[in-house]
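The residues making up each chain are set out below.
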Amino acid sequence: MLDNKEILNNLEKIISKEKIKQNEPMKEHTSLKIGGPAEIFVRVSSVEELKEILKLCKTNKIPLTIVGNGSNILVLDKGIKGIVIKTNLKEIKIKNKENENIEITVDDGVQLGFLAQKLLKEEITGFEELSGIPGTIGGAIVMNAGAHGKEMKDIVTEITAIDYSGNIHIFTNEQAKFEYRNSIFSTGEYIILQVKLLLKKGNKEEIKLKMNEYAQYRKEKQPIEYPSAGSTFKRGTDFVTAKLIDDAGLKGYSIGGAKVSEKHAGFVINTGNATAKDIIELVKYVQDKVYEKFGKKIELEIKILGEK
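As the structure is a prediction and not an experimental result, all values here were calculated from the model.

The rules behind these values
- Residues numbered from 1 in each chain as written.
- Predicted model: local features only at pLDDT ≥ 70, side-chain atom pairs only at ≥ 80, totals over all residues.
- Heavy atoms only, no water.
- Helix = DSSP H or I, 4+ residues; strand = E, 2+ residues; numbered from the N terminus.
- Rg over C-alpha atoms; globule rule 2.2 N^0.38 Å.
- Buried < 20%, exposed > 50% of the residue type's maximum accessible area, 1.4 Å probe, protein only.
- Salt bridge = Lys/Arg side-chain N within 4 Å of Asp/Glu carboxyl O.
- Phe/Tyr/Trp six-rings, centres within 6.5 Å; stacked < 30°, edge-to-face > 60°.
- Expected span 1.5 Å × (residues − 1).
- Contact = heavy atoms within 4.5 Å.
- Polar contact = N/O pair within 3.5 Å; in protein donor to acceptor, adjacent residues only side chain to side chain.
- Arc of directions from axis to C-beta.
- Core = buried A, V, L, I, M, F, W, Y, C linked by side-chain atoms within 4.5 Å.

Q: For the overall build of the protein, give the residues involved together with the corresponding values.
A: Tallying secondary structure elements over the protein gives seven helices and 17 strands in all. Against the 2.2 N^0.38 benchmark of 19 Å for 308 residues, the protein shows a C-alpha radius of gyration of 20 Å, consistent with a compact globule. With the C-alpha coordinates of the protein rotated into their principal frame, the extents come out at 55 × 55 × 30 Å. For the protein, buried positions account for 46% of its 308 residues.

Q: Run through the pattern of salt bridges, naming residues and quoting values.
A: One pass over the full model with this rule turns up 19 salt bridges. Of the charged contacts, one joins Glu129 and Lys150 as a salt bridge, the two residues approaching to 3.8 Å between their closest N and O atoms. Here the residue Glu129 occupies a position in the loop between strand 8 (124-125) and helix 4 (137-142), and Lys150 occupies one in strand 10 (residues 150-151), the gap between them amounting to 21 residues. Exposure remark for Glu129: the relative accessible area of 13% places this residue in the buried category. One salt bridge in this structure joins Glu281 and Lys277, with 2.8 Å as the shortest N-O distance.

Q: Break down the packing of aromatic side chains for me, citing the residues and quoting the values.
A: Enumeration according to the criterion identifies four aromatic pairs in this entry. Seen in terms of ring centroids, Phe171 and Phe185 are 5.1 Å apart; in terms of plane orientation they differ by 85°. Their pairing is edge-to-face. One end of the pair, Phe171, is in strand 12 (residues 168-172); the other, Phe185, is in the loop between strand 12 and strand 13 (190-201), and 14 residues separate them in sequence. The pair Phe171 / Phe185 is uniform in exposure class, with both members buried.

Q: Lay out helix 5 (residues 204-221) with the relevant residues and their values.
A: Taking 1.5 Å of rise per residue, the 18 residues of helix 5 would be expected to cover 26 Å, and the 26 Å separating its terminal C-alpha atoms lies within 8% of that figure. Packed against the buried residues of helix 5 are helix 3 (112-121) and strand 8. Measuring from the backbone nitrogen of Glu205 back to the side-chain oxygen at the start of helix 5 gives 3.0 Å, which picks out Asn203 as the cap.

Q: Requested: an account of helix 2 (residues 47-60), with residues and values cited.
A: Over its 14 residues, helix 2 runs 20 Å from end to end, which matches the ideal 20 Å to within 8%, given 1.5 Å per residue. Buried residues of helix 2: Glu49, Leu50, Ile53, Leu54, Leu56 and Cys57, and no others. Take helix 2 and look down its axis: the buried residues cluster within an arc of 160°, on one side only. Structural note: helix 2 exposes Glu48, Lys55, Lys58 and Thr59 on the side pointing more than 90 degrees away from its buried face.

Q: Requested: an account of the nonpolar core, with residues and values cited.
A: Counting residues in hydrophobic clusters, the biggest one holds 35 residues, and the most contacted among them are Phe127, Ile141, Met152 and Leu197. Looking at this core, the elements with two or more residues in it are strand 7 (101-107), helix 3, helix 4, strand 11 (156-163), strand 13 and helix 5. Here Ile141 is in contact with Met152, Val156, Ile159, Phe178, Ser183, Phe185, Ile192 and Val195, once residues within four sequence places are set aside. Core analysis: the next-biggest nonpolar cluster, separate from the first, contains 26 residues, Phe233, Leu244, Ile255 and Val268 among them.

Right under this line is the structure:
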């Protein structure tokens, strides 16, 4: 296996030096503002660069982690070994703009909020419910993100992804096997590159009105004033997780700098100096108490990355 100096030398043959950082604090790259260092952190701006790095990692058995906007992850305090790639593919293409149905091709690194603003400007409707979700299109596809009764699966027609051997695959909506907060991409076998969405021509004022309404709802109901990874727990099949946590009297309960939000019990927030250890201990405490009181197992929605 290559040492870090050799890995860096190889990386510098693929991408420019300023896109590579050593011991980069992952708290700078996650919405929870928590996480130890990435041994080597790389920003990738093209599919060619990505292919070359995948080849380098595969040949030399270098551990590889892909991150998007870091809005649904908890990075452990010891950080992440090997190479961490943040993809920076950010193109948006709009096709058949004059038709009733409009095809949008979006690169995986595009943030949902940015896309929503672009669609508003172009008077394209069907994305409003998802406009307030933090994160990138790539991450939203992986977990089939959703809000206000709409999920990514409702508007996606095609996904282009790459496997860790550098082969490109194209998936239809059906092949993506979308489920609640899950898809074929959740297994981590593929890296999403591009997504095709099917949306409709709309009225600018109506789109803006809806987006403002959802933004206001989020402001009132979610603890957006604190760092979090969004909804910490998955919804139950026959119960509302946040309600059970609330009924168990856990709103406001804290361990270290981690706290169950008083505004929305489904959110575990960082009150300022939380460690990953604090979050994990609090999550376990909440899971145990809810099971003890109601006999229901609540599952994490956020993904945990890094060295244990």
